[in-house]
Amino acid sequence: MATPDVARVNGSSHRTDWHDRYYHVDQVLDRPGPRTDPSFMAGAGVKEFLRTQCKILVIGAGGLGCEILANLALSGFKDIHVIDMDTIDISNLNRQFLFRPKDVGKPKALVAAEYIMKRVPGVTVTPYFGKIQDKDDDYYMQFNLVICGLDSVEARRWINATLVNLVDPENPESLKPLIDGGTEGFKGQARVILPTVTSCYECSLDMLNKPTAFPICTIANTPRLPEHCIEWASVLEWPRVQGEKKMDTDDPEHIQWLYNIASARAKEFKIEGVTWQLTQGVVKNIIPAIASTNAIIAASCCNEAFKIATSSAAYLNNYFMLIGTDGVYSYTFEHEKRDDCPVCGGESLEVSVPRSWTVERLIEMLVEKQDIQIKKPSLSSGAKHIYFQAPKQLEEATRPNLEKPLVDLVPDGGDITVTASSLPFSLSLRVTYV
Amino acid sequence: MIKIWSMKKNEEAAAKKKPKTSAAQIRVQKDLTELDLPPTMTTVFPDPADLLNFSLTITPDEGMYQGGAFVFSFVINSNYPHEPPKVKCTQTIYHPNVDLEGNVCLNILREDWKPVLNLNSVMVGLQYLFLEPNADDPLNKEAAEELRKNREQFLYNVKQSMRGGYVKGVQYAKVNV
């Protein structure tokens, strides 16, 4: 391998690309292969795009995130952004290899960005220490691709819905491929979501393992497992003793309190195995993270990011799962889009109505329209309720809106969400006035 | 970059654009506006603009708890329907499956919750607890014990508690209407 000549200062990023820096990656980019997309621009064109134009967002700088950042930087992505809301904990150090003991307590995004920039010349990593929800559509619009290495269903649902909503039929740039990686012990998955084109995260929500929950009567009366004692402490004793005080699972004092209560209960029922770690694991729903699973899934995600960014090979369609619990098994399949998906499914209609129309007139139109035939529609716009058919109290509260002109409630070009029992999920209306 | 848009053009769905409402919000709107409750159940929204926090009053018209009005609080978070709603009884009641703190032992609220279930199923499940209290899954052990051993005494205790009286040293909320 060539050794780097000293990185030239003030050069644009590609100036630091010493001779043969990307020798191996270029084997793939310099000539088309049997499965390359016809739009593939072998050679300078694709390299130029990857190394000077492509902007990629990494969500999460934890177990998967560290691997993803390193992989992307080393495969030639130069403009990388990373978001993470967490700080480094000592227990992260066994697998989140961008962090060192001196970094404990510092924001993951900042430390990870600094480390990558130090080790991989010419790469710019822009960190953001905070929540993905802090950022708006304009922020997400600037990227070509988004990769997620998250540990929460809620955050995934949020970014998925945001990227689906971002798609504007008038603007091709608004469709941002989302690559989602996830691991749980020896199992993992990587998937490619093309918002509005392929099945989205919400479409597959029913595939998720539900969080382990024990019957509350077992917890209360017949505990048999250490987990039962811990759940007793957190579900029943905490609210009883601490009242309105919210439990913070990141607060060591709270965990200690739960641990003490759970231990006492375990002793009473002669159950062994309640430890501080288990207490934290149960209340935070932690499944032990395995470094090698993270490495495999991150590699798969980055491989997809590289293929999508360069068109150099066919990309994953659309779900890869890895099961490492008994040997090594993997399976790839096309997860289907759900028509009744609350995020990407459902019908969408453009309606144009006279300015004089009341809400009631619009509802009549929806009921009469042959091609929709909605019985008893309920309407809302954003967080605002326009008209609800039930329950009684909400019907009464929204009834005065029936006589109001629609234009007072929904602006020109505004959206209305319609739900009704005759619709699989919901219908969205975009209203324009004439 | 791969040309995704060209694939998109072939799709009829090209005009889809959803409003900025969270999936949980839409789902709650759908669940609530399609509630099909018997006259024995009523929902109350302290803030009608907030669909995620409300209460349900159950007034059983038969069974041992007839004549009472039982109030449950519902708290729904943004992870609904991946997570079940959090439901608690707001009164201290004498019931084998409800403890004195208001925790409810109903399988679909915890271990058997699935996203395909909805608010209607939870509400119907709650009402069922008043028609058929279940001594096998006790949260109030004493009440369960009584129900199993001496149904007459249990019934007497229920009536006593519903009047706001004491049962075995515990004062219960007056729920009679």
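Residues numbered from 1 in each chain as written. Chains lettered and ligands numbered in written order. Predicted model: local features only at pLDDT ≥ 70, side-chain atom pairs only at ≥ 80, totals over all residues. Heavy atoms only, no water.

### Looking at the overall build of chain A
Phase 1 of the analysis: Looking only at helices and strands, chain A features 14 helices and 13 strands.
Phase 2 of the analysis: When its C-alpha atoms are laid out on the principal axes, chain A stretches across 75 × 70 × 40 Å.
Phase 3 of the analysis: Counting over 434 residues, chain A shows a buried share of 51%.
Phase 4 of the analysis: Considering only intrachain contacts with a sequence separation of at least 6, the fraction spanning at least 24 residues in chain A is 61%.
Phase 5 of the analysis: In the form shown here, chain A has an accessible surface area of approximately 20,500 Å², with 52% of it arising from carbon and sulfur atoms.
Phase 6 of the analysis: Separation between the mean location of the 45 positive side-chain charges and that of the 55 negative ones in chain A comes to 4 Å. (Helix = DSSP H or I, 4+ residues; strand = E, 2+ residues; numbered from the N terminus. Buried < 20%, exposed > 50% of the residue type's maximum accessible area, 1.4 Å probe, protein only. Contact = heavy atoms within 4.5 Å. Areas by Shrake-Rupley, 256 points an atom, 1.4 Å probe, with all protein chains shown as cover. Lys, Arg positive; Asp, Glu negative; His and termini not counted. Charge placed at Lys NZ, Arg CZ, Asp CG, Glu CD.)

### Quick look at the packing of aromatic side chains
Phase 1 of the analysis: This structure, assessed with the given rule, holds 15 aromatic pairs over all chains.
Phase 2 of the analysis: Aromatic pair B:Tyr94 and B:Tyr172: ring centres 5.6 Å apart, planes at 80 degrees, arrangement edge-to-face. Taken together, the residues span a long stretch of sequence, with B:Tyr94 in the loop between β4 (86-89) and α3 (119-131) and B:Tyr172 in the segment after β6 (170-171) at a distance of 78 residues.
Phase 3 of the analysis: Here the aromatic cluster, defined as three or more aromatic residues joined through ring pairs, consists of A:Tyr139, A:Tyr140, A:Phe143 and A:Trp158.
Phase 4 of the analysis: Sitting over the face of the ring of A:Tyr139, A:Lys135 holds its NZ or CZ atom 4.6 Å from the ring centroid.
Phase 5 of the analysis: Above the plane of the ring of A:Trp357 lies A:Arg361, whose end atom (NZ or CZ) is 4.4 Å from the centre. (Phe/Tyr/Trp six-rings, centres within 6.5 Å; stacked < 30°, edge-to-face > 60°. Lys NZ or Arg CZ within 6 Å of the ring centre and 35° of its normal.)

### As for the confidence of the model for chain B
Caution applies to low-pLDDT regions: their predicted coordinates should not be interpreted in detail.
All names here are of chain B.
Phase 1 of the analysis: Summary statistics for chain B give a mean pLDDT of 88 and a share of 89% for residues scoring 70 or more.
Phase 2 of the analysis: The weakest mean pLDDT in chain B belongs to helix α1 (residues 4-10) at 53; the strongest belongs to strand β3 (residues 70-75) at 97.
Phase 3 of the analysis: Interface predicted TM-score (ipTM) for the complex: 0.80; the corresponding pTM is 0.78. (pLDDT = per-residue confidence, 0-100.)

### Here we look at the state of the cysteines
Covalent bonding between the sulfur atoms of two cysteines defines a disulfide.
Residue and element names in this part refer to chain A.
Phase 1 of the analysis: Inspection of the entire model under this criterion finds one disulfide over all chains.
Phase 2 of the analysis: The thiol sulfur of Cys54 is not disulfide-bonded, and the nearest other cysteine sulfur, from Cys302, lies at 12 Å.
Phase 3 of the analysis: With a relative accessible area of 1%, Cys54 lands in the buried category. (Disulfide = S-S within 2.5 Å.)

### Description of the environment of A:Met141
Residue and element names in this part refer to chain A.
Phase 1 of the analysis: Residue placement: Met141 occurs in helix α5 (residues 137-141).
Phase 2 of the analysis: Taking the relative accessible area as the measure of exposure, Met141 reaches 26% and is therefore partly exposed.
Phase 3 of the analysis: As for Met141 and Lys307, which are separated by 166 residues in sequence, their C-alpha atoms are 20 Å apart.
Phase 4 of the analysis: Beyond its immediate chain neighbours, meaning those up to four positions away, Met141 contacts Leu166, Asn171, Glu173, Ser174 and Lys176.

### Considering the confidence of the model for chain A
Phase 1 of the analysis: When pLDDT is averaged along chain A, the result is 90; 96% of the residues meet or exceed 70.
Phase 2 of the analysis: This model gives residues 1-14 of chain A a pLDDT under 50, and the stretch forms 17 contacts once residues within four places in sequence are excluded.

### Side note on the packing of helix α8 (residues 226-242) of chain A against helix α10 (residues 276-283) of chain A
Residues and elements named next belong to chain A.
Phase 1 of the analysis: Between α8 and α10, the least distance of the axes is 10 Å, while the angle of their chain directions is 65 degrees. Relative to α10, the crossing made by α8 is right-handed. Here α8 contributes Pro226, Glu227, Ile230, Glu231 and Ser234 to the contact with α10, which in turn contributes Leu278, Thr279, Val282 and Val283.
Phase 2 of the analysis: Of the residues in the contact of α8 with α10, the class split is five nonpolar, two polar and two charged. (Axes fitted to C-alpha atoms, helices over the stretch in contact; angles between N-to-C directions. Left-handed = near helix turned anticlockwise from the far one by under 90°. Nonpolar A, V, L, I, M, F, W, Y, C, P; charged D, E, K, R; others polar.)

### Things to note about the pattern of salt bridges
Think of it this way: side chains of opposite charge can pair up when their charged atoms draw near.
Residues and elements named next belong to chain A.
Phase 1 of the analysis: On inspection of all chains with the given rule, the structure shows 21 salt bridges over all chains.
Phase 2 of the analysis: The closest approach of N and O atoms between Lys47 and Asp30, which form a salt bridge, is 2.9 Å. Of this pair, Lys47 sits in helix α2 (residues 44-53) while Asp30 sits in the loop between α1 (23-29) and α2, and the two are 17 residues apart along the sequence.
Phase 3 of the analysis: The residue Lys102 makes a salt bridge to Asp103 at a minimum N-O spacing of 3.2 Å.
Phase 4 of the analysis: Since its relative accessible area comes to 64%, Lys102 is described here as exposed. (Salt bridge = Lys/Arg side-chain N within 4 Å of Asp/Glu carboxyl O.)

### Comments concerning the side chain of A:Lys78
Phase 1 of the analysis: Position of A:Lys78 among the secondary structure elements: in the loop between α3 (63-75) and β2 (79-84).
Phase 2 of the analysis: Given the relative accessible area of 3%, A:Lys78 is considered buried.

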